[in-house]
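Fold and geometry: a report
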Protein chains: 2
Amino acid sequence: MNERYRKSVDLFVRAARVIPEGIYGHKNPGFLLPGESPYYAARASGSRYWDVDGNEYLDFLCGYGPVILGHNHPQVEEAVRRQMDKGIAFNHPGEPMVELAERLVGLISVADWALFAKNGSDVTTWAIRVAREHTGRKKVVMVRGTYHGAHAWCSAYPAGVLPEERANVLKMDWNHPEQLERLVEEHRGEIAAVIMTPYHHPTYAAQVMPAEGYWDSIRRICDREGIVLILDDIRAGFRLDVHGSHEVFGIEPDLVCYAKSIGNGHPIAVAVGREEFREAAEAVFISGTFWFSSVEMVAALTTLRILEETDAIAEMARLGRRLKEGLEELGAAHGFRVTVSGPPALPYLTFDDDPDLYHMQAFCREAIARGVFFHPHHNWFICAAHTDADIDRALEVADAAFAAVREGE
Amino acid sequence: MNERYRKSVDLFVRAARVIPEGIYGHKNPGFLLPGESPYYAARASGSRYWDVDGNEYLDFLCGYGPVILGHNHPQVEEAVRRQMDKGIAFNHPGEPMVELAERLVGLISVADWALFAKNGSDVTTWAIRVAREHTGRKKVVMVRGTYHGAHAWCSAYPAGVLPEERANVLKMDWNHPEQLERLVEEHRGEIAAVIMTPYHHPTYAAQVMPAEGYWDSIRRICDREGIVLILDDIRAGFRLDVHGSHEVFGIEPDLVCYAKSIGNGHPIAVAVGREEFREAAEAVFISGTFWFSSVEMVAALTTLRILEETDAIAEMARLGRRLKEGLEELGAAHGFRVTVSGPPALPYLTFDDDPDLYHMQAFCREAIARGVFFHPHHNWFICAAHTDADIDRALEVADAAFAAVREGE
């Protein structure tokens, strides 16, 4: 056992008795580096967090995305506490729900309405239903290797899921609009929706930006065939553009799903859509006991205001570019061919010849041991609390990590 | 327009432009009394809340159940704020997740493990999948008129839902175990699970307690046929017994779902189960970005501790009995045959001859206008902040409300 993670491991041993897998879902240590990365976090502030053993990390995962302004952003947390002083769970929504919907309709070009939930899965699944209700069709097209949540229709893990629940989901490959053409020919008049992320961010692999003309082709096919175009902007939403990632890529979606960063860590998911889908949106039931709390709506209002009023988004992109360029240079200096893919604010490093991910895992293990938290299998996140000094430090550690990987070969 | 709700209505007019239905789901004003009850809440404290027009209410809905200790319970909110000071969204779970699972395994007789999510629907759907994975069977039996959430397999609203997604759900009537026998004969070896609430709490109708021997019959059939018995204790859980409602009714479930009140309003859902289902529980993927936050786990730990250490549960039952007896007496005194059904801590009033719910809606309208919030179509909730003086006041208002209903006839 790595003594550095003794308390993490002790807690995990306790957890394994009383929780399936000890830690389940995307936070399962098997998705990280079992025995070579922390299992439990104790506290966080700005761009840093501390695990239960007291080890400090420069955080390049940001809670898998939600933390966009930095951990415990003072203005967000102050607004949240002021709202919490008024109460948590009411019989009715509060005024912040109306304000947040108005703000989103003003902010997002394709939003004529908005609604709120708790999980990303809540809104991706609901958007699919709205498309089915609107078109009277059953089938949905998604891109292979994309994560739209853990619900039956899209889960990557089939255990306990019935074939019937997935029977109407068709798959195509990213950046291959001709595959959508083929699906449309095979299932003419049967496809309700195409759901996609603005760029491709699979796990265990490099991110892929949309090819020139890709989104135009997708939109053209959808228009021609009466298919609803759903954008799942849950991962990148508000980190690339406060008006939504579709602005960056020139996408014109019909419905858009957000979650993750809109409340800077507070649990809220959002669906927005064009006017013509309002009737279907009103017909398709969606609800949850905790969804109408003003606390998360105030967190979102404050987060959006700060993103609008500051240069946070430009700064995240600038720092991400510095990290990307620095990592690619350092990799080359150590004799590795590495690529940092994706938008600069959501970068992900891969080694070009690394089929079993051995190099990537070794690199992240060495970085984590030196206090820089890079995820080996999932894209990273820059937040507004990161500084040039943080990037300097990350590159210094990356230099040592590349050297250690080379040495370990 | 009722001037008493002017700000509510003004906000709703704004909301109707930017949110489907203005207010969707179970908080839609159509589920209450449009124009005759508040649409938006501003703040709450203890057993009271205030709407955006400044009207004060004695709260007998408690946020549709989550508020069990009273709004803004000082000990819960202090613990929550202390945890929030450490951060909201981490890359890993925190120690409170392990502590909460250990507490639940110690507290709940059938719990050998626990896991956590955000919505009740998250855990009811997951429990169904675990049963399917465990048995290798497809079909699920539920009781007509029961709400297990808004997911496709159980939603009461078919818009946007495919027949395929519900094809393996069979229905029976509450308190009719012979119907389960018949379903078992028709689908022998095909039924994975029976999912039920501990007693029947439909909307728009009186609650129905389990008949003598009902649960024994259900358990016996499940044992004989290898069917997984899932208890949906989301609505009543921890309000009747800190060890779970199954203790009150002598039920021996295999898997149990909780949500609502366990965090006194903070968003958390729970599934627990017996050891023999651990393997299936580990196989069936479940995850959500916001699910591992320690904030809600600390809220749950504090809420459970207070429920254990105080006589809150007995007091809620005692006050509920006072309300029930008082309302039934007052109804009779005004010449109405009324029944208060369900467990005393979750009471619901119905008029015996009231097929169009006219009397019930009039009664609640009159009570709400006098500052006592009774829901016309959904069961009510007592919380630990209610006092004898609150019950006195509620009965005083009920007396006037019954008189007004009589007068309006």
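Throughout this description, residue numbers start from 1 for each chain and increase along the sequence as written. Labels follow written order: the first chain is A, the first ligand is 1, and so on. With pLDDT at 70 or above as the cut-off, local features in this predicted model cover only qualifying residues; side-chain atom pairs require 80 or more to be listed or tallied, and sums for whole chains, interfaces and linings still use all residues.

**Observations regarding the overall build of chain A**
- Put simply, DSSP marks the helices as runs of H or I at least four residues long and the strands as runs of E at least two long, and each gets a number from the N terminus on. Assigned secondary structure in chain A consists of 13 helices and 13 strands.
- Relative to the globule expectation of 22 Å for 409 residues, the C-alpha radius of gyration of chain A, 21 Å, shows essentially globular dimensions.
- Along the first, second and third principal axes, the C-alpha atoms of chain A reach 60 × 55 × 45 Å.
- Buried means a residue has 20 or more other C-beta atoms within 10 Å of its own C-beta, exposed means 12 or fewer, and partly exposed covers the counts in between; C-beta atoms are placed from the backbone. Looking at the 409 residues of chain A, the share that counts as buried comes to 59%. Just to be clear, the radius of gyration here is over C-alpha atoms, and the globule rule we use is 2.2 Å times residues to the power 0.38.

**Let's talk about the domain arrangement of chain A**
Residues and elements named next belong to chain A.
- For chain A, the domain assignment lists domain 1 (3–72 + 311–408) and domain 2 (74–309).
- Boundaries of every domain are those given by an automatic assignment or by a domain database. Using only C-alpha atoms to locate each centre, domain 1 and domain 2 end up separated by 27 Å.
- By the convention adopted here, residues are in contact when the distance between their C-beta atoms, placed from the backbone, does not exceed 7 Å. In this assembly, 22 residues from domain 1 lie in contact with 22 residues from domain 2.
- Of all elements in the fold, only helix 11 (312–333), strand 11 (338–341) and strand 12 (348–351) reach the threshold of two or more residues within the side of domain 1 that touches domain 2.
- A per-element tally of the side of domain 1 that touches domain 2 places helix 11 first, with three residues.
- In the side of domain 1 that touches domain 2, the residues fall into 12 nonpolar, 10 polar and no charged. In this classification, Asp, Glu, Lys and Arg are treated as charged, Ala, Val, Leu, Ile, Met, Phe, Trp, Tyr, Cys and Pro as nonpolar, and every other residue, Gly included, as polar.

**Side note on the pairing of strand 8 (residues 228–232) of chain B**
All names here are of chain B.
- For strand 8, the buried fraction is high: five of the five residues fall into the buried class.
- With burial as the criterion, each face of strand 8 is covered, one bearing V228, I230 and D232 and the other bearing L229 and L231.
- For two strands to count as paired, DSSP must find a minimum of two bridges between them. Direction of pairing for strand 7 (residues 191–196) relative to strand 8: parallel, over a ladder of four bridges. Counted as the bridge partner of V194 is L229 from strand 8.
- Note: strand 8 against strand 9 (residues 255–258), three bridges, orientation parallel. Bridging from a neighbouring strand, D232 pairs with C257 of strand 9.

**Quick word on unusual backbone geometry**
Residue and element names in this part refer to chain A.
- Positive phi is not limited to glycine here, since Y64 has a value of about 65°.
- Even without being glycine, N72 reaches a positive phi, approximately 55°.
- For N72, the location among the structural elements is in the loop between strand 3 (56–59) and helix 2 (74–84).

**Side note on the packing of helix 2 (residues 74–86) of chain B against helix 10 (residues 294–309) of chain B**
Residue and element names in this part refer to chain B.
- As a rule, the C-alpha atoms of each element are fitted with a line to give its axis, helices using only the stretch in contact, and angles between N-to-C directions run from 0 to 180 degrees. Two numbers describe how helix 2 lies on helix 10: the axes approach to 9 Å, and their chain directions differ by 155°. For the element pair helix 2 / helix 10, the angle class is roughly antiparallel. In the crossing of helix 2 with helix 10, the sense of the turn from one axis to the other is right-handed. Where helix 2 approaches helix 10, its residues Q75, V76, A79, V80, Q83 and M84 are matched on the opposing element by S294, V295, V298, A299, T302, T303 and I306.
- Among the residues forming the contact of helix 2 with helix 10, the class breakdown is eight nonpolar, five polar and no charged. The cut-offs work like this: below 35 degrees is roughly parallel, past 145 is roughly antiparallel, 65 to 115 is roughly perpendicular, and the gaps in between are oblique. With the far helix as reference, a near helix turned anticlockwise by less than a right angle produces a left-handed crossing, and one turned clockwise produces a right-handed crossing.

**Side note on the sheet that holds strand 3 (residues 56–59) of chain B**
All names here are of chain B.
- Ordered by their spatial adjacency, four strands build an open sheet running 1-2-3-13, and the pairing between neighbours is mixed. Where the open sheet ends on each side, the last strands, each with one partner, are strand 1 (41–45) and strand 13 (372–373).
- The sheet contact formed by strand 1 and strand 2 (residues 48–51) spans four bridges and is antiparallel. What sits directly across from A41, in strand 2, is D51.

**Observations regarding the relation of the copies chain A and chain B**
- Copies overlap after least-squares fitting; the atoms used are the C-alpha atoms of residues with pLDDT of at least 70 in both. For the pair chain A and chain B, the superposition axis carries a translation of 0.0 Å, the fit reaches an RMSD of 0.0 Å, and the rotation angle comes to 180°. Taken together, the rotation angle and the small translation identify this as a two-fold axis.
- The residues that chain A uses at the interface reappear at the interface of chain B in 100% of cases, marking a shared surface.

**Some details on the sheet that holds strand 2 (residues 48–51) of chain A**
Residue and element names in this part refer to chain A.
- If you walk across this open sheet you meet the four strands as 1-2-3-13, and the pairing is mixed. The outermost strands of the open sheet, each flanked by one partner alone, are strand 1 (41–45) and strand 13 (372–373).
- Bridge analysis of strand 3 against strand 13 gives two bridges, and the strand direction is parallel. Bridging across to strand 13, L58 finds its partner in V372.

**Structural notes on the confidence of the model for chain A**
- Summarising the model, chain A shows a mean pLDDT of 97, and 100% of its residues fall at 70 or more.
- Overall fold confidence for the complex sits at a pTM of 0.98, while the interface term, ipTM, reaches 0.97. One number per residue, pLDDT, summarises how confident the predictor is, and it ranges from 0 to 100.

**Examining the pairing of strand 7 (residues 191–196) of chain A**
Residues and elements named next belong to chain A.
- Summarising burial for strand 7: six of the six residues are buried, a large majority.
- Examined bridge by bridge, strand 5 (residues 139–143) and strand 7 share four bridges and lie parallel to one another. Across the sheet, the residue bridging to K139 is I191, located in strand 7.
- The path from the first strand over the helix to the second decides the hand: if it runs clockwise while the strands point away from the viewer, the crossover is right-handed. In this region the chain leaves strand 7, passes through helix 7 (residues 214–225) and returns to the parallel neighbour strand 8 (residues 228–232); the handedness of that crossover is right-handed.

**Focus on the interface of chain A and chain B**
- Taken residue by residue, the interface counts 88 residues in chain A and 88 residues in chain B.
- Secondary structure elements with two or more residues in the side of chain A that touches chain B: helix 1 (6–18), strand 1, helix 2, helix 3 (95–107), strand 4 (113–117), helix 4 (120–135), helix 5 (163–166) and helix 9 (278–283) of chain A.
- Residue contributions to the side of chain A that touches chain B peak at six residues, all from helix 4 of chain A.
- Of the residues belonging to the side of chain A that touches chain B, the class tally is 47 nonpolar, 21 polar and 20 charged.

**A word on the nonpolar core**
- Any nonpolar core is a set of buried residues, restricted to Ala, Val, Leu, Ile, Met, Phe, Trp, Tyr and Cys, that join up through C-beta atoms within 7 Å. Counting residues in each nonpolar core, the largest one holds 287 residues, and the members touching the most others are A114(A), V194(A), V270(A), A114(B), V194(B) and V270(B).
- Contact partners of V270(B), with chain neighbours within four places excluded, come to L104(B), A114(B), F116(B), V123(B), Y258(B), A259(B) and I262(B).

**Some thoughts on helix 6 (residues 177–186) of chain B**
Residue and element names in this part refer to chain B.
- Listed in full, the buried residues belonging to helix 6 are L180, L183 and V184. The buried residues of helix 6 occupy an angular sector of 100° when projected down its axis, which confines them to one face. Of the exposed residues in helix 6, those oriented more than 90 degrees away from the buried face are E178, E185 and E186. The arc in question is the one traced by the directions running from the helix axis out to the C-beta atoms.

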